Amino acid sequence: MRNWLFLLVCTLLSLSTAVPVGAFDKKEPTTPVTLYKADVRIDPTEKRVAGSVEIRFWPKDASRAYLHLYPLTFTEEHKGKLWDELLGKHVGLGTYDSNRITVQGKPVSVKRTGDLLEVPLGKAKTSEPIMLKLDFEMTLPQNEGRMSYDEHALWLGNWLPILAVYDQAGWHLDPYEPIGDPFFSENANYQVNVTLPASYQLASTATDKAATVDSSVRGEKTYRLQAMNVRDFAMVVMDSTYHSLENKVGNTEVRTWYRDEDFMGQAERNQLAAVESLGYFNSQFGGYPYTEYDVVRTGGSINGMEYPSIVFLDGRHFMQEGNTGIITAVHETAHQWFYALIGNNQVEEAWLDEGLAEYASLAFLSAKYPKLGASRVLGRLEYGTIVSSYAEEKLRPWQTLHAFPDNESYSALVYSRTTSMLWMLREVWGEARLHEVLSQYVQDNRFGIASGATWKTLLSEAAGEDSSAFLDYWLKLDGTKQEEAAAWLERQRQNHRNLGQPIKEGQVEK
Ligand SMILES: [Zn+2]
């Protein structure tokens, strides 16, 4: 009787999670949306960015707000292997001044701790919007990381002041760290005016093609950019050696930006990978809601870095023929779902965005580039299933970023271990069913924030039973749960086999 009921519930659940592709309702967020209005002037010769940002938001903590001013991180020297791996050994410091900060038009005195600014809000109410304004001027640091420059471009990741998140757990005030992507932010609308010398071009989180460009002042131009309902705002300022390849995927214009000096054939392969993977993810996980997606060649050695509607790929992926450009373009494109569309706390639960993005990219590679896909899957399984030495060190995927001592453990646990877990599930459920569940996760959480707990609830519902032991074994490396996790997976295999088949008395598993 119990088994009958269980199978019935499974069937109903799997029917209810079968979302037809493209069936998203275009729902708008119900809570008031924060608006960032920035006006900046960029001097590519002096590597200077100066201007102001006004942030209109509904405070969740009436007494104060916190702003991350991440560029402050790069005005000071950082020592150690992890910083060297992120920034390179030859680092030029940047400068950052933010001397005037007002709340509702009145200057306030703020408290700075590291790259964090505490702004008193006076007599704010959580029911009314408040306006915070900040003037800033910075010169870019020179390093191998997410915000820097070379002779042809300035790439600006995590450059604009951004509100820290306040939720049921309180304030999330994590500093910039040299491991993982130490960011956590909520969706907002952005209106950004950028003034540049006339000979420069720009690609950003906004729909750049739809920007109005004011060229009324001789020798310069001002882009008026808009990005609605995005988690952050990044951009790259490029000189005239940059060109773009463009293809339309559904409603989205995909553009890969490359340089004269690059190997054109590889730029084309990167563009094809971005185009095909965007189309594949649309079909598997629900439609991409933005009308432009830029893949931009930068300098540095960041490998790849995701931002909403724009990703950075460093020059090594463009200079010669190879698969790394394809692999990185696909992984960063997967982040357009797992990080950008569905946010999460990337400091506390990096496995959630990295693991799901890497799984999704392996699923795409396996479908479109089978040989490459198979070798990538094998690699992830190899690193993701043999982790006893990490368990001995009490390391695990589901832990905060600063608990990872090095990039090797971070990669093996956050990427390979989580991907291996999802690949196991794929093998027992089949691709279609796993992707239905992922698609449900996307639909439930798009434009919002998900958590490991969100995923656990969804997985348990889809499985028809509590998934704690399975997740504890895979993501918390709890060895005491190994047998239980294996049994859980085996039951999933049996149940999946039985699903959709006529069930006769006596045929039900014992
Ligand atoms: Zn990633």
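As the structure is a prediction and not an experimental result, all values here were calculated from the model. Here the residue numbers are simple positions, counted from 1 along each chain's written sequence. Thresholds applied to this predicted model are a pLDDT of at least 70 for local features of residues and 80 or more for the giving and counting of side-chain atom pairs; totals over whole chains, interfaces and linings are not thresholded and use all residues.

(A) View of the nonpolar core. Note on terminology: a nonpolar core is a set of buried residues of type Ala, Val, Leu, Ile, Met, Phe, Trp, Tyr or Cys, with members joined through C-beta atoms within 7 Å. Three exposure classes are used, based on other C-beta atoms lying within 10 Å of a residue's own C-beta, which is placed from the backbone: buried for 20 or more, exposed for 12 or fewer, and partly exposed in between. Judged by nonpolar contacts, the single largest core of 132 residues is most densely connected at Val236, Val237, Trp337 and Ala360. Runs of E in the DSSP output that reach at least two residues are strands. Runs of H or I that reach at least four are helices, and both are numbered from the N terminus. If you tally residues by element for this core, the top one is helix α6 (residues 350-368), at 11 residues.

(B) Looking closely at the UniProt feature "domain: Peptidase M1 membrane alanine aminopeptidase" (unreviewed entry) in the protein chain. On the UniProt side, "domain: Peptidase M1 membrane alanine aminopeptidase" (unreviewed entry) is annotated at positions that read residues 275-474 here. Secondary structure content for residues 275-474 is 62% helix and 8% strand, and the end C-alpha separation is 32 Å. UniProt positions are given in the numbering used here, feature names are shortened, and annotations may be inferred rather than shown by experiment.

(C) Structural view of the environment of Ala198. Positionally, Ala198 belongs in the loop between β14 (188-197) and β15 (201-204). Ala198 sits in the exposed class, given 11 other C-beta atoms within 10 Å. A sequence separation of 20 residues divides Ala198 from Arg218, and the C-alpha atoms of the two residues are 8.1 Å apart. Throughout, a pair of residues is in contact if the C-beta atoms placed from their backbones lie within 7 Å. Other than its neighbours up to four places away in sequence, Ala198 contacts Ser215, Gly219, Glu220 and Lys221.

(D) Local environment of the confidence of the model for the protein chain. pLDDT: the predictor's confidence for each residue, scored from 0 to 100. Put simply, the protein chain has an average pLDDT of 92, and 92% of its residues get 70 or more. When the criterion is pLDDT under 50, residues 502-510 qualifies, and its contacts beyond four places in sequence or with other chains add up to 7 contacts.

(E) How the structure looks around the sheet that holds strand β1 (residues 34-43). DSSP bridges decide pairing: two strands pair if at least two such bridges lie between them. With respect to topology, 8 strands assemble into an open sheet ordered β5-β4-β8-β2-β1-β14-β17-β16, the strand pairing being mixed. In this open sheet, the two strands that pair with only one neighbour each are β5 (106-107) and β16 (212-214). Bridging between β1 and β14 involves 8 bridges; their strand directions are parallel. Following the sheet pairing, Tyr36 is matched in β14 by Tyr190.

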